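Spelled out from the first residue to the last, the chains are:
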Amino acid sequence: MCSCSNGQLTCDNSYRCDVNAVCERRSDYHQCYCNAGFSGNGVTCRSTCRPNEVYGTCTCQKSCANPTDCVSCTGGQECFCPNGFYVQGGDCVRQQDCRCFIDGIILPGGDTYVNSGCTRRCTCTNNRLSCDNNYRCSSNAACRVRNSVRQCYCNSGYEGDGRTCARPYTDCNDVRNAGNTRSDVYSIRPAGYGSSFDVFCNMDIDGGGWTKNGLRSAMRPNVAVTMVRTLSKGEGGIFYYLSFTFCRLVFQRRTNGATDFYRDWASYKNGFGNIRQEFWLGNEKLYYLTQQATYEYRMDFVHSSGSYHHKYSRFRINNESNKYRVTDVGSWSRTREGRRHLRCSYANPNGDYNGSNGKSIFDWYYDDCHITYTEMKIRRTS
């Protein structure tokens, strides 16, 4: 490189371009110019990229917060984190320097990691790793991988988060035997049923332990009958009148007529309504409940002339292929006379109403009725 000063030519024969520079002619002069991503006089060029970054065509760079997806690449010439490095804040760091790096992997934000022995459980939150070193499986659980997630899973027949596992209540009798004495909503899973579901356990009426199926009150004349009909399903199906409280498990309740009980077969099979208000628990659930033990049945109702109930010493229904027919009702007692009809069909899941003569599924012997409240329930007896 030569320069002319005061008529004298001075040359530097040691002038060389930096390895990160090129000799180019710009503005009519040749000289060394730093490459993109570097700054300097051409003889000395320093990278403008952050430590560990490289300059070039970025096709993919990953971050500690999102280690599986490519982020923040323009596709052009730029500084970027190469393979083996990850963006963390304003830095480009090694994999093991990511704050949520554990056991050879980077844990994405919000994810949880459990080690191979299920003795440590770690969660990445806001790019910070927090670990529970006291994580252990219940004696009724095992350390397993399901759907690519390793953690403690309860053994068959038990429910819980894996750390705590217990056999589910099968009915309201189990709920009461566990020391629960308050009438409230509890979760149960009858033998053979696939998953738990909520029921209302009545612990106050007739010794408690009743499971409710449904309830209604403040109804117009013959409206309560609707609830009762709904219970019936199939030839010889569920009789109109299901009032169960078993320590008591309530499976039907009507209180104000706000819930429509004129439903199709599927609705009565699966259940509908609000478990704390008006509802039908569901014939499929009722089938599994009544198959696992012997149950009695009770229906409570409020008539314009007073409060009454009906009880049957046994109650069991068949499965859907047999149209949920009542198969056993035992002996019965009551405080007011009533009739029941057992026939039902898919075409008319509410019952045949005593053939074609237009009678409702539930009639009084004595007078026209005005029912303002109904509740059906069952309770285990053995």
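As the structure is a computational prediction, the values presented were derived from the model and not from experiment.

Draft legend 1. How the structure looks around the overall build of the chain. Of the regular secondary structure elements, the chain holds 4 helices and 32 strands. Every one of the 382 residues in the chain was classed for burial, and the buried ones make up 44%. Counting only contacts in the chain whose residues sit at least 6 apart along the sequence, the fraction spanning at least 24 positions is 59%. Split by element, the accessible area of the chain, about 18,900 Å² in all, is 43% carbon and sulfur.

Draft legend 2. Just the UniProt feature "domain: EGF-like" (unreviewed entry) in the chain, in detail. Per the UniProt record, "domain: EGF-like" (unreviewed entry) is found at residues 127-166. In this annotation, residues 127-166 is assigned 0% helix and 52% strand; the end-to-end C-alpha distance for the span is 35 Å.

Draft legend 3. Fine view of the packing of aromatic side chains. According to the stated counting rule, one finds 13 aromatic pairs in the structure shown. Centre to centre, the rings of Phe 261 and Phe 272 are 5.1 Å apart; their planes meet at 75 degrees, and the pair counts as edge-to-face. One end of the pair, Phe 261, is in the loop between strand E24 (247-254) and helix H3 (265-270); the other, Phe 272, is in strand E25 (residues 272-273), with 11 residues separating them in the sequence. Relative accessible area serves as the criterion here: at 0%, Phe 261 is assigned to the buried category. Residue Phe 272 is classed as buried on the basis of its relative accessible area, which comes to 9%. When the ring of Tyr 268 is compared with that of Phe 272, the centres are 5.0 Å apart and the planes differ by 90 degrees; the resulting orientation is edge-to-face. Take Tyr 268 and Phe 272: they sit in the same class, and that class is buried. For the cation-ring pair, Arg 26 lies above Tyr 33, with the distance from its terminal atom to the ring centre recorded as 3.9 Å.

Draft legend 4. A look at the state of the cysteines. As enumerated under the stated definition, the model contains 13 disulfides in all. At a sulfur-sulfur separation of 2.1 Å, the disulfide partner of Cys 81 is Cys 92. With Cys 81 in the loop between strand E9 (77-80) and strand E10 (85-88) and Cys 92 in strand E11 (residues 91-94), the pair connects residues that are 11 residues apart, well separated along the chain. Of the two residues, Cys 81 and Cys 92, neither departs from the other in class, the shared state being buried. In this model Cys 4 remains outside any disulfide bridge; the closest cysteine sulfur is found in Cys 11, 9.9 Å from its own. Judged by its relative accessible area of 61%, Cys 4 falls in the exposed class.

Draft legend 5. Quick peek at the nonpolar core. Judged by nonpolar contacts, the single largest core of 39 residues is most densely connected at Val 199, Leu 249, Phe 251, Leu 281 and Ile 378. If near-sequence neighbours (up to four positions away) are discounted, Val 199 is found in contact with Cys 172, Asp 184, Val 185, Tyr 186, Ile 188, Thr 211, Leu 249, Ile 275 and Leu 281. Counting residues in hydrophobic clusters, the runner-up holds 6 residues, among them Cys 100, Leu 107, Cys 122 and Cys 124.

Draft legend 6. Fine view of the environment of Asp 174. Looking at where Asp 174 falls in the secondary structure, it is placed in helix H1 (residues 172-177). Classification of Asp 174 by relative accessible area gives partly exposed; the value is 21%. Asp 174 sits 14 residues away from Ile 188 along the chain, and the two C-alpha atoms are 8.8 Å apart. Setting aside chain neighbours within four positions, we find Asp 174 in contact with Tyr 169 and Arg 380.

Draft legend 7. Main features of the sheet that holds strand E16 (residues 128-132). Taken together, 3 strands build an open sheet; the order of strands is E14-E15-E16 and the sheet is antiparallel. Single-partner strands in this sheet number two, and they are strand E14 (112-114) and E16. For this sheet, the mean angle separating the axes of adjacent strands, direction not counted, is 20 degrees. With 3 bridges connecting them, E14 and strand E15 (residues 121-125) associate as antiparallel partners.

Draft legend 8. Up close: the environment of Cys 64. By the element assignment, Cys 64 lies in the loop between strand E8 (62-63) and E9. Classification of Cys 64 as buried rests on a relative accessible area of 0%. Once you skip the residues sitting within four places of it in the chain, Cys 64 turns out to touch Tyr 86, Val 87, Gln 88, Val 93, Cys 98, Ile 106, Leu 107 and Asn 127.

Draft legend 9. Quick peek at the sheet that holds E11. Across the sheet, which stays open at both edges, the 3 strands sit in the order E8-E10-E11 with mixed pairing between neighbours. A strand with exactly one partner marks an edge of an open sheet, and here the two such strands are E8 and E11. In this structure, E10 lies alongside E11, joined through 4 bridges in antiparallel fashion. In the strand pairing of E11, Gln 88 is matched with Asp 91.

Draft legend 10. Representation of the pattern of salt bridges. Summed over all chains, the structure comprises 18 salt bridges. The partner of Asp 97 in a salt bridge is Arg 94, with the nearest N and O atoms 2.9 Å apart. Judged by its relative accessible area of 35%, Asp 97 is partly exposed. Owing to a relative accessible area of 41%, Arg 94 belongs among the partly exposed residues under this scheme. Note that Arg 253 is salt-bridged to Glu 375, the shortest N-O span being 3.2 Å. On the criterion of sequence distance, the pair formed by Arg 253 in strand E24 and Glu 375 in strand E32 (residues 371-380) is long-range, its members being 122 residues apart. The burial state of Arg 253 is the same as that of Glu 375; both residues are buried. Linked through salt bridges whose partners overlap, the residues forming this network are Arg 253, Arg 298, Asp 300, Glu 375 and Lys 377.

About the criteria used
Residues numbered from 1 in each chain as written. Predicted model: local features only at pLDDT ≥ 70, side-chain atom pairs only at ≥ 80, totals over all residues. Heavy atoms only, no water. Helix = DSSP H or I, 4+ residues; strand = E, 2+ residues; numbered from the N terminus. Buried < 20%, exposed > 50% of the residue type's maximum accessible area, 1.4 Å probe, protein only. Contact = heavy atoms within 4.5 Å. Areas by Shrake-Rupley, 256 points an atom, 1.4 Å probe, with all protein chains shown as cover. UniProt positions renumbered as here; feature names shortened; annotations may be inferred. Phe/Tyr/Trp six-rings, centres within 6.5 Å; stacked < 30°, edge-to-face > 60°. Lys NZ or Arg CZ within 6 Å of the ring centre and 35° of its normal. Disulfide = S-S within 2.5 Å. Core = buried A, V, L, I, M, F, W, Y, C linked by side-chain atoms within 4.5 Å. Pairing = 2+ DSSP bridges. Axes fitted to C-alpha atoms, helices over the stretch in contact; angles between N-to-C directions. Salt bridge = Lys/Arg side-chain N within 4 Å of Asp/Glu carboxyl O.

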